[in-house]
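Below, each chain spelled out in residue letters.
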Amino acid sequence: MNHGQVFVLAMIAIVTFGGIARMWVRARHGYPIEDRARYRRGDANQDADRKIHLLSSENERLVGQVSRLEERIAVLERIATDPAERTSREIEALRSRD
């Protein structure tokens, strides 16, 4: 082998081991192991769109839950602030219907 071939093989070895070392460090510290070519293909946009969709659906669910809780709180406030006589009359009226 001449010096040019040794140089090329040495460069290939350095780049290969450097990539392996980089992946090992990223994995050890909890970073995602992915190459940059993925982002050039548009997968990052798809991931962002998916996250937006998931957050939007969770937001809709939470808004519904908050509105239901507000209704329940309104009923509890009405029960707590109404006079006991009125509340007992309403309860008796409900019992007599059944």
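Right, let's walk through the structure included here. (Residues numbered from 1 in each chain as written. Predicted model: local features only at pLDDT ≥ 70, side-chain atom pairs only at ≥ 80, totals over all residues. Heavy atoms only, no water.)

1. So, the overall build of the protein chain
Piece 1. The secondary structure content of the protein chain amounts to four helices and zero strands.
Piece 2. Counting from the amino terminus, helix and strand elements in the protein chain follow one another as α-α-α-α.
Piece 3. Across the 98 residues that make up the protein chain, the buried fraction comes to 4%.
Piece 4. Accessible area of the protein chain: about 9200 Å², with a carbon and sulfur share of 60%. (Helix = DSSP H or I, 4+ residues; strand = E, 2+ residues; numbered from the N terminus. Buried < 20%, exposed > 50% of the residue type's maximum accessible area, 1.4 Å probe, protein only. Areas by Shrake-Rupley, 256 points an atom, 1.4 Å probe, with all protein chains shown as cover.)

2. A few points about a nonpolar patch on the surface
Piece 1. A contiguous nonpolar patch, built from Met 1, Val 6, Phe 7, Val 8, Leu 9, Met 11, Ile 12 and Ile 14 and spanning about 840 Å² of accessible area, is present on the exposed surface.
Piece 2. Mapping Ile 14 onto the fold places it in helix H1 (residues 3-28). (Patch = residues over 30% accessible without salt bridge, like charges linked within 9 Å, V, L, I, M, F, W, Y side chains within 5 Å. Salt bridge = Lys/Arg side-chain N within 4 Å of Asp/Glu carboxyl O.)

3. Quick notes on H1
Piece 1. For H1, which comprises 26 residues, the first-to-last C-alpha distance of 37 Å matches the rise-based estimate of 38 Å (1.5 Å per residue) to within 8%.
Piece 2. Looking at where H1 begins, the residue whose side-chain oxygen comes 3.2 Å from the main-chain nitrogen of Gly 4 is Asn 2.
Piece 3. Of the residues trailing H1, Gly 30 is marked for its positive phi of about 85°. (Expected span 1.5 Å × (residues − 1). Polar contact = N/O pair within 3.5 Å; in protein donor to acceptor, adjacent residues only side chain to side chain.)

4. A word on the environment of Met 23
Piece 1. Its place among the elements puts Met 23 in helix H1.
Piece 2. The exposure class of Met 23 is partly exposed, given its relative accessible area of 42%.
Piece 3. Spatially, the C-alpha atoms of Met 23 and Ile 33 are 6.3 Å apart, while their sequence positions differ by 10 residues.

5. A closer look at the pattern of salt bridges
Piece 1. A complete count under the given rule lists three salt bridges for this structure.
Piece 2. The partner of Glu 90 in a salt bridge is Arg 86, and the shortest N-O contact between them spans 3.5 Å. Of this pair, Glu 90 and Arg 86 are both found in helix H4 (residues 84-97), four residues apart, which corresponds to roughly one turn of the helix.
Piece 3. Overall, the relative accessible area of 36% leaves Arg 86 in the partly exposed class.
Piece 4. In this structure, Arg 95 engages Glu 92 in a salt bridge whose closest nitrogen and oxygen atoms are separated by 3.1 Å. Residue Arg 95 and its partner Glu 92 are located together in helix H4, separated by three residues, close to a single helical turn.

Remember, this is a structural readout, not a statement about activity or role.
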